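# A look at the structure
Chain by chain, the residues run as shown.
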Amino acid sequence: MTDPAQHNAGKTCWNCPAVEFKGHVDFRACGQAAFSRAAEGQLVVECKRREEIGYFDPMSITYDACPEYEATEFGYLLRGMRVMILGMDGYLGWPLALKLAKLGCQVFGIDNMLRRELVAERGAQSVLPIGSMQERIESARELLGVEIDFRPIDLCDREEFFAYVEEVKPEAFVQYAEIPSAPYSMASVETATKTIYNNNIGTLNLMFAMRDYAPEASMIKLGTMGEYGSPLTGRPLFEGLFPGDAVLQHGDDEWSLGGELVPRDPVSFYHVSKVQGTFTMYESCKYWWLRGIDVMQGVVYGLHTPELMTDPSLNTRFDIDEWWGTVINRFVAQAVVGAPLTIFGSGNQIRGYITVADAMQCMIRLLASPPEPGQYEVVNQVTDVLSVRELAQTVARIGRDEFDLTPTIQRIENPRVEAEEHPYEVIHEKLEKDFGFSSQSNVEDEIRYMFKRLMEPSSRELIEASRDTLFPKTLWSGGEKTLEVVEADLDY
Ligand code: USQ
């Protein structure tokens, strides 16, 4: 059996961001023939790291045979790969920066620090105390022995961003620089506009920067499972593109759907911005032969990775208010301070979930295995598929049985417009099959770990200080109101 960690041993320079295609290859003119030309040895490349080889056939060297690659627990990884993280100050950007730096990558990051500002505007804050970016970088240097290059640049500021990309010439980009909140995007025309502008102009700038300054780089863009919605027909949520044998049947006719983008049915203006991001990336890969992986990620929760656990000065942010906190994180915080766990509506809404630790493992594996030039790839990044009610009950039980708390669960009027009873069949196979991913987390253990951290006095005080923001009031249908309790004290 092959070692899952080394899933990409047989990949070749055709996939490697360190090669340059020689002779001004016009991929658009080559069209789909480019791959077969490469296979027949008619395309030559030069390695930017090993110029002494001269021109060679990109299919002739595999990762396991190349001295520029080293075996890691996540597969063969390009040594000292230059990775630029857009949105490095965020919940996911910071843990990824630490993990990549620890693996020996050269890590560069930008952030406009908007998240801190927007959370503060809501009267909330990260309930894990976090230092400034400079303080965290200093701690990473002292405690982990790594260097991280950070610039306070807004991805929407084309001039500054392009100049930084031209200077660094990244071999990979991670697009995390988006406003990630569905409730925020539904609060007003101003917040909807800000979300759409920030997310879509940012991604557009990235695609043009790649075209002009780093065309061989790969990009990993964070999409969301919420792009698909929850189709009431029960149609499976395929991984972004229809599988090869999918057909559309109408009347007496039948057409292949294989390889086409699956329908999107976004559930908020934030999710609408993510759908546009998908098309921006899909089209750019097509027009300019760029390569990337669109990650349809479920709801992320949790607060630990090996690097984050090193010391509290390396904490990542952790939000629990109605706009910026995701559901499991909110439930644990509510239980810690004796506020009711708020189930919206029936509680039978089903979503896919993943821990921060597993999400980081996935991202490194994806970065280690870039797609081919011109290839737009999609993965569904979830590990557990659960209902909101089950989650509330699990959190309440662990809080009561193991942490001496007395949690209560309430069903309240649903502030959102969403299906409360729906089938949900998520296909999530590629990460395991093609990238060697295997989950290292489970829901209950992660919830235990969250309780331990959030019950520390420093966090408890911060949750208390944000208590007013725990109970939702923002309506999808417009405005704010005090929501009614539909059922108090649910069993668990
Ligand atoms: N929910 C409750 N009670 C709460 C909070 C949420 O019942 O106190 C319910 C919501 O109604 C929803 C589900 O829990 O049905 C998930 O809500 P959420 O706030 O955890 O997640 P969501 O708004 O869907 O967005 C989050 C992230 C977003 C990411 C998305 C993945 O904020 O960035 O894209 O999860 S997904 O949900 O798969 O689209």
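Residues numbered from 1 in each chain as written. Predicted model: local features only at pLDDT ≥ 70, side-chain atom pairs only at ≥ 80, totals over all residues. Heavy atoms only, no water.

### Describing the overall build of the protein chain
Secondary structure assignment for the protein chain yields 15 helices and 19 strands. The C-alpha atoms of the protein chain give 23 Å as radius of gyration, which agrees with the globular expectation for 492 residues (23 Å, within 12%). With respect to the three principal axes, the spread of C-alpha positions in the protein chain is 70 × 70 × 50 Å. When the 492 residues of the protein chain are sorted by exposure, 58% land in the buried category. Taking as baseline every contact in the protein chain between residues at least 6 positions apart, the subset at least 24 positions apart corresponds to 79%. By element, 50% of the accessible surface of the protein chain is carried by carbon and sulfur atoms, the whole surface being about 19900 Å². One finds the centroid of the 45 positive side-chain charges in the protein chain at a distance of 2 Å from the centroid of its 75 negative side-chain charges. (Helix = DSSP H or I, 4+ residues; strand = E, 2+ residues; numbered from the N terminus. Rg over C-alpha atoms; globule rule 2.2 N^0.38 Å. Buried < 20%, exposed > 50% of the residue type's maximum accessible area, 1.4 Å probe, protein only. Contact = heavy atoms within 4.5 Å. Areas by Shrake-Rupley, 256 points an atom, 1.4 Å probe, with all protein chains shown as cover. Lys, Arg positive; Asp, Glu negative; His and termini not counted. Charge placed at Lys NZ, Arg CZ, Asp CG, Glu CD.)

### Quick notes on the site of the ligand
Among the 21 residues in the neighbourhood of the ligand, the closest are listed as P180, Y270, V327, T342 and E418. Taking H271, its side chain carries an N or O atom lying 3.0 Å from an oxygen atom of the ligand. Summarising the interface, the protein chains cover 94% of the accessible area of the ligand, which totals 730 Å² for the free molecule. Counting only elements with at least two residues in the shell around the ligand, the list comes to α9 (269-288), α10 (327-336) and β14 (341-344). With three residues, the top contributor of residues to the shell around the ligand is β14. By residue class, the composition of the shell around the ligand is nine nonpolar, eight polar and four charged. (Near = heavy atom within 4 Å. Polar contact = N/O pair within 3.5 Å; in protein donor to acceptor, adjacent residues only side chain to side chain. Nonpolar A, V, L, I, M, F, W, Y, C, P; charged D, E, K, R; others polar.)

### A few points about the pattern of salt bridges
Following the criterion strictly, the structure yields 32 salt bridges and no others. Taken together, the shared-partner salt bridges in this structure form one network comprising R49, E68, R82 and E171. (Salt bridge = Lys/Arg side-chain N within 4 Å of Asp/Glu carboxyl O.)

### Some details on helix α11 (residues 356-368)
Taking 1.5 Å as the rise per residue, α11 with 13 residues should run 18 Å; its terminal C-alpha atoms sit 18 Å apart, in good agreement. Where burial is concerned, most of α11 is hidden: 13 out of the 13 residues are buried. (Expected span 1.5 Å × (residues − 1).)

### Side note on the environment of H271
The topology assignment puts H271 in helix α9. Overall, the relative accessible area of 9% leaves H271 in the buried class. Not counting chain neighbours up to four residues away, the residues in contact with H271 comprise A182, T224, G226, E227 and P266.

### Concerning the nonpolar core
Formed by 102 residues in total, the largest nonpolar core has its most connected members in M88, W94, I148, F451 and L454. Tallying contributions element by element places α11 first for this core, with nine residues. Setting aside chain neighbours within four positions, we find L454 in contact with V127, L128, L303, F318, V332, A333, V336, S459, R460 and I463. M210, M281, L290 and V378 belong to the second-largest nonpolar core, a separate cluster that totals 40 residues. (Core = buried A, V, L, I, M, F, W, Y, C linked by side-chain atoms within 4.5 Å.)

### Let's talk about the confidence of the model for the protein chain
With 95% of its residues at a pLDDT of at least 70, the protein chain reaches an overall mean of 95. Averaged over each element, pLDDT in the protein chain is lowest for helix α1 (residues 27-30) (54) and highest for strand β5 (residues 82-86) (99). (pLDDT = per-residue confidence, 0-100.)

### Things to note about the side chain of Q297
As for its position among the elements, Q297 is in strand β12 (residues 291-297). Filtering out sequence-adjacent residues up to four positions away, Q297 remains in contact with L92, L222, G223, T224, M225, I354, A359 and Q381.

### Thoughts on the packing of aromatic side chains
Following the criterion strictly, the structure yields 11 aromatic pairs and no others. Plain terms: the ring middles of Y91 and F318 are 6.5 Å apart, the flat faces sit at 75° to each other, and that makes the pair edge-to-face. Of this pair, Y91 sits in the loop between β5 and α3 (93-102) while F318 sits in the loop between β13 (299-301) and α10, and the two are 227 residues apart along the sequence. The buried category is assigned to Y91, whose relative accessible area is 14%. Taken together, the ring pairs in this structure connect F161, F162 and Y213 into an aromatic cluster. Directly above the aromatic system of W323 lies the positively charged group of R122, at a separation of 3.8 Å from the ring centroid. One residue, R211, lies across the ring of W288, its end atom 5.0 Å from the ring centre. (Phe/Tyr/Trp six-rings, centres within 6.5 Å; stacked < 30°, edge-to-face > 60°. Lys NZ or Arg CZ within 6 Å of the ring centre and 35° of its normal.)

### A few points about unusual backbone geometry
In this structure, M113 takes a positive phi of about 60° despite not being glycine. Residue M113 is classed as partly exposed on the basis of its relative accessible area, which comes to 24%. The phi dihedral of K169 is positive, around 50°, even though this residue is not glycine.

### Examining the sheet that holds strand β15 (residues 350-355)
A sheet is described by the order of its strands in space; here three strands give the open sequence β13-β15-β17, paired in mixed fashion. Edge positions in the sheet fall to β13 and β17 (384-387), since each has one partner strand and no second. The average angle at which neighbouring strand axes cross in this sheet is 45°, direction not considered. Its contacts with the sheet place α11 against β13 and β15, and it is angled at close to 75° to β15. Helix α12 (residues 388-403) contacts β15 and β17 of the sheet and is inclined by roughly 90° relative to β17. (Pairing = 2+ DSSP bridges. Axes fitted to C-alpha atoms, helices over the stretch in contact; angles between N-to-C directions.)

### Some thoughts on helix α14 (residues 443-454)
With 12 residues, α14 extends 16 Å from end C-alpha to end C-alpha; this agrees with the ideal 16 Å at 1.5 Å per step. Of the surrounding elements, those touching the buried residues of α14 are β13, α10, β15, β17, α12 and α15 (457-465). Between the side-chain oxygen at the start of α14 and the backbone nitrogen of E444 there is a gap of 3.1 Å, and the oxygen is on N442.

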